[in-house]
Amino acid sequence: MTHEFDLAASLASGVGGRSGAWTFIQGFTAHWVGAALGSDDGWTEADLDAAEERLGVRLPAALREAYLLFGRRLDLTSNHDVLLGPAELYVDEGKEALVFRHENQGAASWGILLDSLQDDDPAVLIRLDLADKSAERWAGWLERLSLCFVEIILSESLQADEELCDFLAPDVGSLELLERNYVRLPFPAYPIGEETRWFLGQDALLRDDDGAAILARGRTAEDLDRIRDLIPGDWLNDYR
């Protein structure tokens, strides 16, 4: 089925705008996750209308579209970090942002500034949970909400079944092998200080987190073993 979905080409379109983002997510879900999006995978208009009424704010078009399309698919959005459901959305204590996602241990939250909710595809910000609460600030994350959802789908796919996903603490040699054997994907730069890179190979998706970690996913268990063979090391889930 790989020939039916060109991940790199679809991603290039997906990072360019809202429509391309949803098309990419539909294709990726069908050909990499193995369970195409269905009519019951999203929340309803009534769910989103109720959230707007409760919060007293307008939900941006991109947020509504994402929730309607795949908001209930936890295997796409919440393997590690957590996408909040419509009834869980909230405005932060400082009345600055609408929060829609949490880091799995509460170390960070993602949100949209209230004064940008009128935009169809607003920027997404991140707020770290710090010991010194007075030092917490909303900081830039990704320039568009639809782009953030592409990132969510990709990142959460690396945290799925152990038979398909693995983790390596790399050395210099590991990173050289990554660059030699895989093609870097066209994903926009993360915030300053986040040198995260995405790579694609034969039925293989990998992410380099600033040289501190390589996360990998194969479309099958055999594809994941091929990654481990190309980049030897102490892979966390390699029990061979």
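Residues numbered from 1 in each chain as written. Predicted model: local features only at pLDDT ≥ 70, side-chain atom pairs only at ≥ 80, totals over all residues. Heavy atoms only, no water.

What is the right way to look at the environment of D225 in this model?
Following the sequence through the fold, D225 ends up in helix α8 (residues 221-230). In this structure the C-alpha to C-alpha distance between D225 and C165, which are 60 residues apart in sequence, comes to 9.9 Å. Here R228 takes part through its side chain, which lies 2.7 Å from a polar atom of the side chain of D225. (Helix = DSSP H or I, 4+ residues; strand = E, 2+ residues; numbered from the N terminus. Polar contact = N/O pair within 3.5 Å; in protein donor to acceptor, adjacent residues only side chain to side chain.)

Sorry, what's going on with the packing of helix α4 (residues 61-70) against helix α6 (residues 145-157) here?
A packed helix pair is summarised by two numbers, namely the angle formed by the two axes and the spacing between the axes. Remark: α4 packs on α6, axes separated minimally by 9 Å, with the N-to-C direction vectors making an angle of 35°. The way α4 lies across α6 gives a crossing that is right-handed. Of the residues in α6, those touching α4 at A62, L63, A66, Y67 and F70 are L145, S146, F149 and I153. For the contact of α4 with α6, the class distribution of residues is 8 nonpolar, 1 polar and no charged. (Axes fitted to C-alpha atoms, helices over the stretch in contact; angles between N-to-C directions. Left-handed = near helix turned anticlockwise from the far one by under 90°. Contact = heavy atoms within 4.5 Å. Nonpolar A, V, L, I, M, F, W, Y, C, P; charged D, E, K, R; others polar.)

How should I be thinking about the packing of aromatic side chains in this particular structure?
Applying the stated rule across the entire model yields 10 aromatic pairs. Seen in terms of ring centroids, F70 and F149 are 5.7 Å apart; in terms of plane orientation they differ by 75°. Their pairing is edge-to-face. Of the two residues, F70 sits in helix α4 while F149 sits in helix α6, which places them 79 residues apart along the sequence. F149 matches F70 in its accessibility class, with the two residues each being buried. Their ring planes at 75° and their centres at 5.5 Å tell us that W141 and Y190 sit as a pair that is edge-to-face. One end of the pair, W141, is in strand β6 (residues 139-142); the other, Y190, is in the loop between β8 (183-184) and β9 (196-201), and 49 residues separate them in sequence. Here Y190 falls in the buried class, since its relative accessible area comes to 8%. (Phe/Tyr/Trp six-rings, centres within 6.5 Å; stacked < 30°, edge-to-face > 60°. Buried < 20%, exposed > 50% of the residue type's maximum accessible area, 1.4 Å probe, protein only.)

How should the nonpolar core be read in this particular structure?
General note: in soluble globular proteins, nonpolar side chains tend to be found buried as a group. If you look at the biggest cluster of nonpolar residues, it comprises 55 residues, and the most contacted ones within it are F24, F28, L89, F100, F149, L154 and F187. In terms of residue count, α6 provides more of this core than any other element does, 8 residues in total. Those residues in contact with L89 that sit more than four places away from it in its chain are R54, L55, L59, L63, Y67, L84, L98, V99 and F100. With 14 residues, the next largest nonpolar core counts L168, Y182, F199 and I231 among its residues. (Core = buried A, V, L, I, M, F, W, Y, C linked by side-chain atoms within 4.5 Å.)

I would appreciate a short explanation of the state of the cysteines in the present structure.
Each disulfide consists of one covalent bond between the sulfur atoms belonging to two cysteines. Taken as a whole and assessed by the stated rule, the structure comprises 0 disulfides. Here C148 is not disulfide-linked; the sulfur of C165 is the nearest cysteine sulfur, at 19 Å. On the basis of relative accessible area, C148 is assigned to the buried category, the value being 0%. C165 gets classed as buried once you look at its relative accessible area, which sits at 3%. (Disulfide = S-S within 2.5 Å.)

Looking at this model, I keep getting lost on the sheet that holds strand β10 (residues 204-209). Mind explaining?
Strand pairing in a sheet relies on backbone hydrogen bonds, with the paired strands running either antiparallel or parallel. If you walk across this open sheet you meet the 5 strands as β7-β11-β10-β9-β8, and the pairing is antiparallel. The open sheet has two edge strands, β7 (165-168) and β8, and neither has a second partner. By the bridge criterion, 2 bridges tie β8 to β9 in an arrangement that is antiparallel. When the bridges of β9 are listed, R184 appears paired with F199. (Pairing = 2+ DSSP bridges.)

Looking at this structure, how should I read α4?
The α-helix winds at 3.6 residues per turn, so residues separated by three or four positions along the chain end up facing the same way. In terms of burial, α4 is largely enclosed, as 7 of its 10 residues are buried. As for α4, its buried residues are in contact with α2 (18-33), α3 (45-55), α5 (74-77), β1 (82-83), β3 (97-102) and α6.

What is the right way to look at α8 in this model?
Within α8, burial applies to D223, L224, I227 and R228. In a view along the axis of α8, the buried residues occupy a sector of 145°, so they form one face of it. In this structure, α8 carries E222 and D229 as exposed residues pointing more than 90 degrees from its buried face. (Arc of directions from axis to C-beta.)

The quantities given are spatial measurements derived from coordinates; they are silent on function.
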